Amino acid sequence: MAAHRCSRSALLLVLCSLCLFSIAESQETTPAGDHRATGVDNPQSVTGSTEQMAEQPTVVEEEEEEEEDRRWEATRDEVETENTSAPDTSAPTFEVHSSVPKPKDDFQEELVIRPLHSGDIYASFQFRTLWETDFTTGNKVSHYRLFPKSLGQVISKFSVRELHISFTQGYWRTMQWGQPFLPSPPGAELWVWFQDSVTDVDETWKELTNVLSGIFCASLNFIDSTNTVQPSASFKPLGIGNVTDHRFLRYATLPREIVCTENLTPWKKLLPCGSKAGLAVLLKSEKLFHSSFHSQAVHIRPVCKDWQCKTKSWELRQTLNVVFDLHTPGQGKQEWSLFKMFSRTLTEACPLASSSKIYVDITDDPQGEQFEVSPATHLLSQAMVLGDRRTFSLYDLTQQITFGTVRSLNLHIRWKSSEGDMLRPLLHAERYVAGYGLQTGEIHTLMYNNHPYRGFPVLLMDSVPWYLRLYIHTLTVTSKGKDNKPSYIHYQPSKDRVRPHLLEMLVQLPPNSVTEVTVQFERALLKWTEYTPDPNHGFYVGSSVISSLVPSIVAMDTNSTREQPLFSSFFPCKEESSYFMRVYTEPLLVNLPTPDFSMPYNVICLTCTVVAVGYGSLYNLLTRSFQIEEPSPGLAKRLANIIRRMRGVPPL
Amino acid sequence: MGLLSDPNRRRALIGLLTRLNAPIWGMPVDWLVKTMQSRGLEVFTQRFSRRLPFPDEDKERYMVKGTNVYGILRAPRAPRTEALVLSAPCTAGDHNNQAVGLLLGLAQYFRNQVYWAKDIIFLVNEHDLIGMQAWLEGYHHTNTTGMDWSPLQGRGGSIQAALSLELSSDVVTSLDLVLEGLNGQLPNLDLANLFYAFCQKIGVLCTTQGKLQRNDWDSVSGYSHAVQTMMLMAMKQASGRPWGDHGLFLRYHIEAATIKGINSFRQYKTDATTVGRLLEGMYRKLNNLLERLHQSYFFYLMSSLSHFVSIGYYMPAFGLLGVILLLRALDLWVQLASPPPRTEDGVVDADPGVLSVLTPLVISHLTGAALYTLPIHFQEMAVEHFPVSETEAVVLTAIAVYTAGLALPHNTNRLLTGQGTEQGWKVLKLVAVLYLAVLLGCTALINFSLGFILALTLVPVAAFVTPNVPKVLSAFVLVVLSPACTLLFSVFFFQELQEMPVSFLDGWMLYLSVISQGILDHALYGSLVYPLVALLVYPCWLLFWNILFWK
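Since we're looking at a predicted model, the values are computed, not measured.

Conventions adopted
Residues numbered from 1 in each chain as written. Chains lettered and ligands numbered in written order. Predicted model: local features only at pLDDT ≥ 70, side-chain atom pairs only at ≥ 80, totals over all residues. Heavy atoms only, no water. Helix = DSSP H or I, 4+ residues; strand = E, 2+ residues; numbered from the N terminus. Buried < 20%, exposed > 50% of the residue type's maximum accessible area, 1.4 Å probe, protein only. Contact = heavy atoms within 4.5 Å. Disulfide = S-S within 2.5 Å. Buried area = accessible area lost by both parts, 1.4 Å probe. Salt bridge = Lys/Arg side-chain N within 4 Å of Asp/Glu carboxyl O. Core = buried A, V, L, I, M, F, W, Y, C linked by side-chain atoms within 4.5 Å. Pairing = 2+ DSSP bridges. Axes fitted to C-alpha atoms, helices over the stretch in contact; angles between N-to-C directions. pLDDT = per-residue confidence, 0-100. Phe/Tyr/Trp six-rings, centres within 6.5 Å; stacked < 30°, edge-to-face > 60°. Lys NZ or Arg CZ within 6 Å of the ring centre and 35° of its normal. UniProt positions renumbered as here; feature names shortened; annotations may be inferred. Expected span 1.5 Å × (residues − 1).

### Notes on the overall build of chain B
Counting its secondary structure elements, chain B contains 18 helices and 11 strands. Burial status across chain B gives 57% buried among its 551 residues. For chain B, the proportion of contacts with a sequence separation of at least 24, taken over those separated by at least 6, is 80%.

Here it is, written out as structure tokens:
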């Protein structure tokens with residue numbers, strides 16, 4: 001109850017600041033939007049804009065003559081002025097389309113490869129289909145070109161405004177790998193914003209999960225009211241639209257979901273080229289599932305078509321992230337190539353794609369000292385990714401020259417030295433169950449803020465199944481040994497067998513600190529039919545979600561080594577100063593008090609015995625007719641009786 | 001199984017072992033961290049410190065400070081929910097270097113395999129059990145014994161099973177499986193079966209209680225061999241102390257066992273590779289587990305590695321002993337219920353007041369409380385006034401309190417007004433007998449061996465003691481069957497079973513050290529035997545002592 005008292009004012013404050021922030025954002029982004037990217041995004045959502053930054057790097061083609069020293073010459077400011085001064089010179093891909101009758105849909109594919117500090121390789125595929133159509137206003141959409149029909153029908157039938165679904169096998173190791181481009185929790189995660197025209201959201205949600213279960217061949221049909229929550233603040237719409245009433249939001253995770261080929265195949269079928277051409281030929285399951293981490297996702301959201309946002313189009317973004325383990329024993333040289341990783345090479349772009357690109361992250365190695373990428377490319381691109389300015393080598397698959405004389409592209413990276421220390425990720429979290437015994441326990445969530453001097457607020461969302469009965473009065477938040485009072489708490493208690501606990505908190509993380517959130521729970525004793533077939537394995541509790549605007553590394557960098565004009569670098573500009581980040585903790589495996597399930601078997605045996613013996617004898621007693629049998633008289637008596645009868649005397 | 005079949009790998013392991021065989025002082029933390037990192041593990045350390053309540057003279061430690069090093073091998077595509085632990089204690093000197101070397105070798109080999117579904121934690125703990133206790137408390141964020149430890153940085157979810165490795169000598173002839181854990185807890189029998197199955201498969205000599213298995217069950221010598229093995233297990237279990245690093249895992253419902261390399265069967269020899277293959281096999285099996293081990297028995301006594309006596313067979317033996325107490329209680333109840341016999345002068349015995357029963361009860365429990373608290377609290381005073389060390393002071397204080405207790409209840413009757421009545425001792429005995437029955441019953445459920453051994457000695461006493469038996473002889477028998485003397489006999493018997501008989505003086509020294517170890521076990525790891533004996537069993541025995549001297 002303390003939560004409600006303290007949260008009332010805090011909530012107001014948060015809402016106010018959100019409004020202000022969104023206005024500021026929209027003012028900033030709208031004029032700066034270049035044609036195909038920035039203006040598309042929802043002005044409200046921070047994620048959108050950062051992601052946009054991530055996937056639409058400004059591309060600069062350098063002159064051939066400058067290639068030998070491979071230095072980055074053009075500063076970011078120059079690029080920006082160029083873009084803003086000439087907003088009507090379209091990007092090359094669009095110019096091609098503008099000359100012919102412009103189709104209303106568009107497909108782009110790209111692959112980002114990032115060598116990680118741990119020596120692993122991170123490959124991230126993104127496939128994006130844009131379609132300028134309207135699923136919502138009654139008229140039936142029947143002609144599909146690039147957009148998959150199955151998803152289009154789902155959108156129109158269930159009045160979906162936004163749909164985000166991810167299947168992940170493995171846990172993203174933030175401490176070794178840094179931040180992923182698109183975070184996702186282990187198992188399956190699904191969150192959907194419905195149109196405000198939907199009357200019975202719960203029923204629609206139920207039908208939708210069952211349909212998606214069929215489309216993706218996953219056990220999403222296990223999503224029911226006991227694992228669905230409506231987060232009030234953690235999950236905001238990423239597309240356009242101004243409805244943020246969380247009654248139309250549903251969020252569920254299935255931490256136990258195992259992702260394998262049967263989920264990959266339907267996912268690949270949604271692509272316009274299938275796995276026949278383009279980057280998708282690399283997606284061979286025998287290699288993708290021979291990795292340390294695998295995550296595939298589908299995101300659908302409405303976005304603006306032009307910078308004035310007069311028309312709306314639907315964006316379908318399919319992503320696949322995979323981390324390959326490159327650990328080799330001994331001091332052998334580490335090598336990596338497209339063929340080694342995916343057992344395929346690239347020969348062409350998807351013919352339907354308007355752009356098809358491969359980026360290789362070479363930020364850590366601008367001089368080519370640590371690793372060597374071949375074939376060399378003279379295309380460089382720079383982008384702000386997760387608050388960091390990254391440099392990429394770019395391979396454009398739509399250009400024939402990329403494939404060279406052998407007509408196939410086999411990217412090759414060779415490590416020369418494996419030195420280099422990774423910057424600790426600024427935000428990082430972990431979670432575990434403390435205590436022993438099967439009665440009570442304590443959930444500890446640790447949130448690390450590794451920023452040296454800046455604190456920032458994070459939104460922590462925890463959804464705990466009902467069979468762990470949280471004692472919310474034991475909730476403590478401490479950082480640096482002191483009590484840290486959350487400024488906003490939203491707690492929805494569970495109902496047994498109906499709905500889970502939902503706990504959302506806005507916590508300020510002090511700089512360079514660990515914040516620990518603990519809450520005690522009691523383990524419920526389930527009914528005997530409620531146990532899973534393997535009760536001694538334990539029961540899963542989904543990941544907690546930590547969403548935050550993190551101060552960016554670039555803003556931290558006061559004396560930038562990059563040569564920048566002095567006038568441009570005093571005040572950090574908005575989108576550089578902080579970026580949106582979502583961190584998922586590991587799911588928990590909790591043992592509940594479990595009866596000995598061989599006991600029912602024993603009971604059955606015992607009962608059967610008792611019934612057989614007891615019933616048998618009782619039945620025998622009830623049905624048998626008892627008669628008193630005359631004892632047959634002895635031989636002497638019989639003789640005597642015969643004699644007596646002959647004499648006429650009554651027998652003995 | 002391809003472990004170490006590769007000559008390069010074998011050479012690396014041998015190099016490691018020889019480097020480790022060089023004497024080291026303290027644990028080489030930095031070297032371990034670096035080595036584990038180079039093998040591709042996520043490495044973390046944990047510092048801990050602990051001041052013992054009094055110096056441990058057996059292991060020569062008082063202020064303990066140390067560091068645990070552990071590396072986590074992350075399973076590919078696993079969500080960090082389950083883990084297995086392989087631990088090796090590492091102390092100053094070269095006691096367990098073989099095991100640490102093998103652990104590192106296995107870590108390197110395991111890292112390159114693709115089949116892991118659970119994270120594997122390789123733990124090198126300093127100061128054996130204290131380090132293990134610190135690590136487990138850190139991992140589960142509990143603090144049951146008041147130890148100082150730094151919080152753990154990396155975890156692998158809920159631990160499903162653990163093995164601890166101790167290879168004390170360079171030459172290993174056979175592997176011994178140690179199961180007895182804290183408070184007599186045992187891991188699931190399937191863990192023992194797994195070990196036995198792999199030993200059979202690989203052809204390693206395996207033992208339990210250091211005794212080989214014999215196949216001649218029907219012969220007398222074979223039978224007595226099995227009985228000896230079982231009695232050894234019962235005595236170890238009854239002691240309630242962890243007999244290896246695995247013993248502390250059991251509190252957290254983690255199935256664990258210690259594998260000890262021993263050197264006592266000259267004709268056989270097992271090299272590190274074979275032990276490694278055995279461990280690899282066991283970990284692969286445990287890795288494939290979908291559920292925690294739960295199918296087999298948790299309560300058993302092993303007469304050899306392949307034979308055991310389950311709870312269904314041994315509990316009746318205890319039950320028969322318990323029945324004696326219940327029958328005796330029934331008898332007393334009937335006697336008390338029947339009208340009191342008229343004495344010759346026609347005076348009826350007055351009803352015994354509540355006080356006459358309550359006073360001995362309270363006084364004997366106060367004596368028990370003194371036995372529990374005084375030894376540790378009075379050590380400083382004792383050291384000042386007597387020429388003894390702290391440890392001796394603690395043990396001797398305990399013995400002194402124990403002996404003084406014999407005199408105390410003797411005088412309780414003086415506190416009461418008037419003579420004790422015939423009815424009085426019967427009521428007291430009824431209470432004492434029921435008390436003992438409940439106490440032993442509960443003990444046997446938690447730690448069967450302890451309950452059984454206590455029942456063997458205390459039940460006859462409880463059955464025969466009345467104020468009317470010959471005083472001197474009964475007093476002698478009572479003292480001989482008291483818990484302290486039981487412990488003394490157990491020490492000699494245990495040495496006899498282990499085929500290491502000791503002289504009386506050595507036995508006495510051993511007895512003193514056993515008492516100090518028992519008190520330390522309670523303080524360090526939370527073993528319950530010392531408080532159980534001091535607070536419950538000893539007062540209960542004092543009640544019978546009181547009955548004998550009833551006036």
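Text resumes after the structure shown.
### A short note on the overall build of chain A
Secondary structure summary: chain A contains 14 helices and 27 strands in total. Evaluated residue by residue, chain A yields a buried proportion of 51% over its 652 residues. In chain A, the share of contacts with a sequence separation of at least 24, taken over all contacts with a separation of at least 6, comes to 77%.

### Concerning the state of the cysteines
By definition, a disulfide links two cysteine residues through a covalent bond between their sulfur atoms. Residues and elements named next belong to chain A. Applying the stated criterion across every chain, the model contains two disulfides over all chains. Between the sulfur atoms of Cys 273 and its disulfide partner Cys 350 the distance amounts to 1.7 Å. Taking the torsion about the S-S bond as the criterion, the Cys 273 to Cys 350 disulfide, at about 65°, is right-handed. Residue Cys 273 is located in the loop between α8 (261-269) and α9 (285-288), and its partner Cys 350 is located in the loop between α10 (338-342) and β11 (355-361); the two are separated by 77 residues in the primary sequence. As far as burial versus exposure is concerned, Cys 273 and Cys 350 are alike and both buried.

### A look at the interface of chain A and chain B
Note on interface size: it is often stated as the accessible area lost on association of the parts. Each partner contributes to the interface: chain A provides 33 residues, whereas chain B provides 32 residues. A buried area of about 2,700 Å², summed over both sides, lies between chain A and chain B, and 50% of it is on carbon and sulfur atoms. Looking only at chain A, the three residues that lose the most surface to chain B are His327(A), Tyr436(A) and Asn536(A), adding up to 23% of its buried area. For the salt bridge of Arg80(B) with Glu586(A), the shortest nitrogen-to-oxygen distance reads 4.0 Å.

### Regarding the nonpolar core
Ranked by internal contacts, the top residues of the largest apolar core, which has 157 residues, are Phe122(B), Trp135(B) and Phe195(B). Broken down by element, the residue count for this core peaks at 14 residues, all from helix α18 (residues 529-548) of chain B. The contact partners of Phe195(B), leaving out residues within four places of it in the chain, are Leu175(B), Leu177(B), Cys206(B), Ile259(B), Leu278(B), Met282(B) and Leu305(B). Within the second largest apolar cluster, 91 residues are counted, among which are Phe107(A), Leu212(A), Cys273(A) and Phe289(A).

### A look at the sheet that holds strand β15 (residues 412-415) of chain A
Residue and element names in this part refer to chain A. Strand order in the open sheet made by the three strands is β10-β15-β12, with antiparallel pairing throughout. Edge positions in the open sheet fall to β10 (335-337) and β12 (371-374), since each of these has one partner strand only. When the angles between neighbouring strand axes are averaged without regard to direction, this sheet yields 10°. Bridge count for β10 against β15 is three bridges, and the pairing is antiparallel. Looking at the pairing, Glu 335 lines up with Arg 414 of β15.

### What to know about the sheet that holds strand β8 (residues 206-208) of chain B
All names here are of chain B. Taken together, the nine strands give an open sheet; going across it, the order is β5-β1-β2-β4-β3-β6-β9-β7-β8, and neighbouring strands pair in mixed fashion. Among the strands making up the open sheet, the edge pair consists of β5 (148-149) and β8. Across five bridges, strand β2 (residues 61-73) lies against strand β4 (residues 119-126) in antiparallel orientation. Bridging from a neighbouring strand, Tyr 70 pairs with Leu 123 of β4.

### Remarks on the confidence of the model for chain B
Residues and elements named next belong to chain B. Overall, the prediction assigns chain B a mean pLDDT of 86, with 90% of residues at 70 or greater. Every residue in residues 1-5 is under pLDDT 50, and counting partners more than four places away or in other chains gives 19 contacts. Of the two predicted TM-score estimates for the complex, the pTM is 0.84 and the ipTM is 0.87.

### Comments concerning the pairing of strand β4 (residues 160-169) of chain A
Residues and elements named next belong to chain A. In terms of residue burial, β4 counts as a mostly covered element, since 10 of its 10 residues are buried. Where β4 and strand β5 (residues 187-194) come together, eight bridges link them in antiparallel fashion. Residue pairing for β5: Leu 163 is matched across the bridge by Val 192. Note that β4 and strand β8 (residues 293-304) share seven bridges and pair antiparallel. Following the sheet pairing, Ser 166 is matched in β8 by Ala 297.

### Concerning the packing of aromatic side chains
Scanning all chains against the criterion turns up 41 aromatic pairs over all chains. Ring plane angle 50° and centroid distance 5.9 Å describe the contact between Phe110(B) and Phe122(B), whose orientation is recorded as tilted. One end of the pair, Phe110(B), is in helix α3 (residues 97-111); the other, Phe122(B), is in strand β4, and 12 residues separate them in sequence. Residue classification places Phe122(B) among the buried residues on the basis of a relative accessible area of 1%. Taken together, a centroid distance of 5.8 Å and an interplanar angle of 10° make the contact between Phe492(B) and Phe504(B) stacked. Residue Phe492(B) is found in helix α16 (residues 483-497), and its partner Phe504(B) is found in helix α17 (residues 504-525); the two are separated by 12 residues along the sequence. One aromatic cluster is present, built from ring pairs that chain together Phe107(A), Phe125(A), Phe127(A), Trp267(A), Phe324(A) and Phe342(A). The ring of Trp243(B) has Lys236(B) lying over it, and the distance from NZ or CZ to the ring centre is 5.1 Å.

### A few points about the pattern of salt bridges
All names here are of chain A. Evaluation of the coordinates by the stated rule reveals 26 salt bridges over all chains. Among the salt bridges present, the one from Arg 301 reaches Glu 315, with a minimum N-O distance of 2.8 Å. Remark: Glu 315 occurs in strand β9 (residues 312-324) and Arg 301 occurs in strand β8; sequence separation between them is 14 residues. The same class applies to Arg 301 and to Glu 315, which are both buried. Asp 361 is the salt-bridge partner of Arg 390, the closest N and O atoms lying 3.0 Å from each other. Of this pair, Arg 390 sits in strand β14 (residues 388-396) while Asp 361 sits in strand β11; the two residues are 29 residues apart in sequence, bridging distant segments of the chain. A residue is classified by how much of its surface remains accessible, and Asp 361, at 2% relative accessible area, is buried.

### Considerations on the confidence of the model for chain A
All names here are of chain A. Looking at chain A, pLDDT values average 79 and 77% of them are 70 or higher. Under a pLDDT of 50 for its full length, residues 1-7 has, in the predicted model, eight contacts with residues more than four places off or in other chains. Every residue in residues 9-99 is under pLDDT 50, and counting partners more than four places away or in other chains gives 123 contacts.

### Some words on the UniProt feature "transmembrane region" (unreviewed entry) in chain B
Mapped onto this numbering, the UniProt entry annotates "transmembrane region" (unreviewed entry) at residues 311-334, 354-372, 432-465, 472-494 and 528-550 of chain B. The span residues 432-465 of chain B shows a helical share of 94% and a strand share of 0%, and its end C-alpha atoms are spaced 11 Å apart.

### Side note on helix α5 (residues 189-202) of chain B
For an α-helix, 3.6 residues make a turn, and residues three or four places apart therefore share a direction. Residues and elements named next belong to chain B. Taking 1.5 Å of rise per residue, 14 residues should cover 20 Å, and α5 covers 20 Å from first to last C-alpha, within 8% of that figure. The complete set of buried residues in α5 reads Leu 189, Leu 191, Ala 192, Leu 194, Phe 195, Tyr 196, Phe 198, Cys 199 and Ile 202. Lining the buried residues of α5 we find β7 (174-178), β8, β9 (255-262), α7 (272-287), β10 (300-304) and β11 (307-310). Just downstream of α5 lies Gly 203, where phi reads positive at about 85°.

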